[in-house]
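# Structural overview for review
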Amino acid sequence: MTEIQNFTLNFGPQHPAAHGVLRLVLEMDGEVIQHADPHIGLLHRATEKLAETKPFSQSIGYMDRLDYVSMMCNEHGYVLAIEKLLGITVPIRAQYIRVMFDEITRILNHLMWLGAHGLDVGAMTMFLYCFREREDLMDVYEAVSGTRMHATYYRPGGVYRDLPDEMPRYQPNKFRAQKDIDRLNENRQGSVLDFIEDFTNRFPGCVDEYETLLTDNRIWKQRTVNIGVVSPDRALQLGFTGPMLRGSGVEWDLRKKQPYETYAEVEFDIPVGTNGDCYDRYLVRVEELRQSNRIVRQCVDWLRRNPGPVMLDDPKFVAPSRVDMKDDMESLIHHFKLFTEGYTVPEGEAYVAIEHPKGEFGVYLVSDGSNKPYRLKIRAAGFAHISAMHEMVVGHMLADVVAVIGTQDIVFGEIDR
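Residues numbered from 1 in each chain as written. Predicted model: local features only at pLDDT ≥ 70, side-chain atom pairs only at ≥ 80, totals over all residues. Heavy atoms only, no water.

## Remarks on the sheet that holds strand 6 (residues 348–356)
Inclusion rule: Whether two strands pair comes down to DSSP finding at least two bridges between them. A run of H or I in DSSP becomes a helix once it reaches four residues, and a run of E becomes a strand once it reaches two; helices and strands are each numbered from the N terminus. To obtain an axis, a line is fitted to C-alpha atoms, over the contacting stretch when the element is a helix, and the angle between two such axes runs from 0 to 180 degrees between their N-to-C directions. In what follows, a contact means two residues having at least one pair of non-hydrogen atoms within 4.5 Å.
Strands sit in the order 6-7-8 across an open sheet of 3 strands; the sheet is antiparallel. The open sheet terminates on both sides in strands that have one partner only, identified here as strand 6 and strand 8 (373–379). The mean angle between the axes of side-by-side strands here comes to 15 degrees, regardless of whether they run parallel or antiparallel. One ladder, built from 6 bridges, connects strand 7 (residues 359–367) with strand 8; its direction is antiparallel. Residue pairing in the sheet places Val366 in a bridge with Arg375 of strand 8. Sitting on the sheet, helix 3 (residues 71–86) is in contact with strand 6, strand 7 and strand 8, with an inclination near 150 degrees to strand 6.

## A look at helix 7 (residues 192–214)
Formally: How far a helix is expected to stretch is found by multiplying one less than its residue total by 1.5 Å. Each residue's exposure class comes from its accessible area (1.4 Å probe, protein chains only) as a fraction of the maximum for that residue type: buried when under 20%, exposed when over 50%, partly exposed otherwise.
Between its terminal C-alpha atoms helix 7 stretches 32 Å, which fits the 33 Å expected from 23 residues at 1.5 Å a residue. Along helix 7, the residues classified as buried are Val192, Leu193, Phe195, Ile196, Glu197, Phe199, Thr200, Phe203, Cys206, Val207, Tyr210 and Leu214. Here the buried face of helix 7 lies against helix 4 (92–121), helix 5 (124–145), helix 8 (218–224) and helix 12 (278–305).

## Regarding the layout of surface pockets
Put simply, the rule reads: Both site types are read off a 1 Å grid over the protein atoms alone. A 1.4 Å probe that fits but cannot get out defines a cavity, while an open set with protein on both sides within 12 Å along at least five of seven lines defines a pocket; lining residues have an atom within 4 Å of a point. Grid points are joined across faces, edges and corners, and a volume is the space filled by probe spheres set on the points. Any residue that is not Ala, Val, Leu, Ile, Met, Phe, Trp, Tyr, Cys, Pro, Asp, Glu, Lys or Arg is counted as polar, Gly included; the first ten are nonpolar and the last four charged.
Size it by volume and the largest pocket reaches roughly 550 Å³. Contributing to the lining of the largest pocket are 21 residues, with Arg155, Met311, Val318, Ala319 and Phe339 lying nearest its centre. Those elements that provide at least two residues to the lining of the largest pocket are helix 2 (60–64) and helix 14 (329–340). With 3 residues, the single largest contributor to the lining of the largest pocket is helix 14. Quantified by volume, the second largest pocket comes out at close to 250 Å³. Mapped by element, the contributors of at least two residues to the lining of the second largest pocket are helix 5, helix 6 (178–184) and helix 7. Of the residues that constitute the lining of the second largest pocket, the class distribution is 3 nonpolar, 1 polar and 8 charged.

## Examining the packing of aromatic side chains
This is how the line gets drawn: Aromatic pairs are defined between Phe, Tyr and Trp rings, using the six-membered ring for Trp, whenever the two ring centres lie within 6.5 Å; interplanar angles under 30 degrees are classed as stacked, those over 60 as edge-to-face, and all others as tilted. Two conditions define a charge sitting above a ring: the NZ of Lys or the CZ of Arg must be within 6 Å of the ring centre, and it must be within 35 degrees of the ring normal.
Within the structure shown, the criterion is met by 12 aromatic pairs. Measuring from centroid to centroid gives 5.3 Å for Trp220 and Tyr282, while their planes differ by 70 degrees, and the two rings are edge-to-face. Of this pair, Trp220 sits in helix 8 while Tyr282 sits in helix 12; the two residues are 62 residues apart in sequence, bridging distant segments of the chain. We classify Tyr282 as buried; its relative accessible area is 1%. Arg98 extends its terminal NZ or CZ atom over the ring of Tyr154, reaching a point 5.7 Å from the ring centre. Over the ring of Tyr129 we find Arg132, and its NZ or CZ is 4.7 Å from the ring centre.

## Considering the nonpolar core
Nonpolar side chains tend to gather and get buried jointly when the protein is soluble and globular. Quick note on the threshold: In plain words, nonpolar cores are sets of buried Ala, Val, Leu, Ile, Met, Phe, Trp, Tyr and Cys residues tied together by side-chain atoms within 4.5 Å.
Judged by nonpolar contacts, the single largest core of 86 residues is most densely connected at Met100, Phe101, Tyr153 and Tyr210. When residues in this core are grouped by element, the largest group, 13 residues, is from helix 4. Discounting chain neighbours no more than four positions away, the residues touching Tyr153 are Met72, Glu75, Ile97, Phe101, Val144, Ser145, Val159, Tyr160, Arg161, Asp162 and Leu163. Among the nonpolar cores identified, the runner-up in size contains 30 residues, and Ala18, Ile227, Val393 and Phe412 belong to it.

## Topic: the state of the cysteines
Quick reminder of the rule: Disulfide assignment relies on a single distance test, namely cysteine sulfur atoms paired within 2.5 Å.
Under the criterion given, the structure shown has 0 disulfides. As a non-bridged cysteine, Cys73 has Cys299 as the owner of its nearest cysteine sulfur, 13 Å distant. Free cysteine Cys278: the closest other cysteine sulfur is in Cys130, separated by 17 Å.

## Examining helix 4
Look at helix 4: 43 Å from first C-alpha to last across 30 residues, which is about the 44 Å you get at 1.5 Å a residue. Positive backbone phi, approximately 120 degrees, marks Gly122, located one or two places after helix 4.

## As for a negative patch on the surface
So the rule is basically this: By definition, no residue in a patch forms a salt bridge, and every one has over 30% relative accessible area; like charges are joined within 9 Å, nonpolar side chains (Val, Leu, Ile, Met, Phe, Trp, Tyr) within 5 Å. Only the protein chains shown count as covering a residue, and every accessible area follows the Shrake-Rupley method with a 1.4 Å probe. By definition here, a salt bridge exists when the distance from a side-chain nitrogen of Lys or Arg to a carboxyl oxygen of Asp or Glu is within 4 Å. Charged residues are defined narrowly, with Lys and Arg counted positive, Asp and Glu counted negative, and His plus the chain ends left uncounted. A single reference atom marks each charge: NZ on Lys, CZ on Arg, CG on Asp, CD on Glu.
A contiguous patch of negative charge on the surface is contributed by Asp324, Asp327, Asp328 and Glu330. Locating Asp324 in the fold gives a position in helix 13 (residues 322–327). Take Asp324: its relative accessible area is 38%, and that puts it in the partly exposed class.

## A word on the side chain of His76
For clarity, the threshold we go by: Definition of a polar contact: a pair of N or O atoms within 3.5 Å, with one able to donate and the other able to accept a hydrogen when the atoms are protein atoms, and with sequence-neighbouring residues admitted only if both atoms are side-chain atoms.
Residue position: His76 is located in helix 3. There is a polar contact of 2.6 Å between the side chain of His76 and the side chain of Asp102.

## Side note on the sheet that holds strand 3 (residues 32–39)
With respect to topology, 3 strands assemble into an open sheet ordered 1-2-3, the strand pairing being antiparallel. Both edges of this open sheet fall to strand 1 (6–11) and strand 3, since each of them pairs with a single strand only. Adjacent strand axes in the sheet meet at a mean angle of 20 degrees when their direction is disregarded. With 6 bridges joining them, strand 1 and strand 2 (residues 23–29) adopt antiparallel strand pairing. Bridge pairing links Leu9 to Leu26 in strand 2. Across the face of the sheet, helix 17 (residues 398–408) comes into contact with strand 1, strand 2 and strand 3 while running at roughly 145 degrees to strand 2.

## Examining the side chain of Glu414
With respect to the element layout, Glu414 can be found in helix 18 (residues 412–416). Buried charged residue Glu414 carries no salt bridge. Nearest counter-charge: Lys358, at 5.6 Å. Leave out the neighbours within four places in its chain, and Glu414 touches Leu66, Asp67, His356, Lys358, Phe361, Ala380, Ala381 and Gly382.

## Some points on the pattern of salt bridges
For the structure shown, the criterion picks out 33 salt bridges. Two residues, Glu103 and Arg255, come together in a salt bridge whose shortest N-O distance is 3.2 Å. Note that Glu103 is positioned in helix 4 and Arg255 in helix 11 (residues 254–257), a separation of 152 residues in sequence. Taken individually, Glu103 and Arg255 each receive the classification buried, so the pair is uniform in this respect. Note that Glu133 is salt-bridged to Arg132, the shortest N-O span being 2.7 Å. Taking relative accessible area as the criterion, Glu133 reaches 3% and is therefore assigned buried.

Right, dumping it as structure tokens:
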């Protein structure tokens, strides 16, 4: 009787380790991968096309929903592109707030990645630990923007509003004892900045906990060391950016090499791997958690010392306050024009790239002089990474495919757009 050699296996899109809607068609010889073909497009929502039908500022909310784990970073790229076309400069306090929230978002992203990657490989506790810290940062998102995820906090000209003087507290309810409520509210007695500062003091200890669980764990190392190895040259050829590129030993970080906002003013280091395997990429991202925490701390210190405006004072781009709108005819006209028609952006094109938690997030914006973009093209970091899936998993076992999907930190909102 002849033995069956190769067979084809559908991995996903409903597989829990497929991170959303990835369909991988795997050609296998026994349990060894011969060929991997990622099928994408199952989360395509025509974001770029929709943006062409709306005034510039009304598409900021779409950006949150691209990489729905790194919400404010997506907004940042889009808003910077609009500001570049308009030729406007954001107040320095708003720039520091943006940098702070970019790094809070980076921590949110890497915690989600670490929890999910750990869970995929079998480390159940990681998921619970990471979500414990994410909850605090989600509360910060909610405090400044009113929503836990899709913030629409960055606006052309600055940010929606300054940081609140009071951190929202847990209210008494029938499901929790009063002493639990008091414990949860301990670090919420001051302002949002006080709460963030308290978080930055606690967080390094939390990262130590993650490392105690994983870094020298025998099973974790067996599942990640020498899996999905990519050489520095090959990583560049494949278009890798972010931790995927730095994990292969290339020291490239847009926050250092092409600084935007106030990244030139803050101190941080770029972690770089040596072997280019899943374990090195894990180490790079864990160190990024520490470096982001460092940046957030510096921003908190600066923001305490330097009050000031957080929005451009130009009624052509920025909506007036509700009080002005109700009292002053001129403000009412500006308000009406801004929210119905929006502002016109000078004819031209702009490309802006930011160091997104997953890599280089680029926004190419073309304006024909009207109030809507003529063309919007988004360069998603994950798109280049998933295209290397075949190369990274050939010759590995089926179980290693899960580790490689995890290490790529894939979110389909930005890949399918």
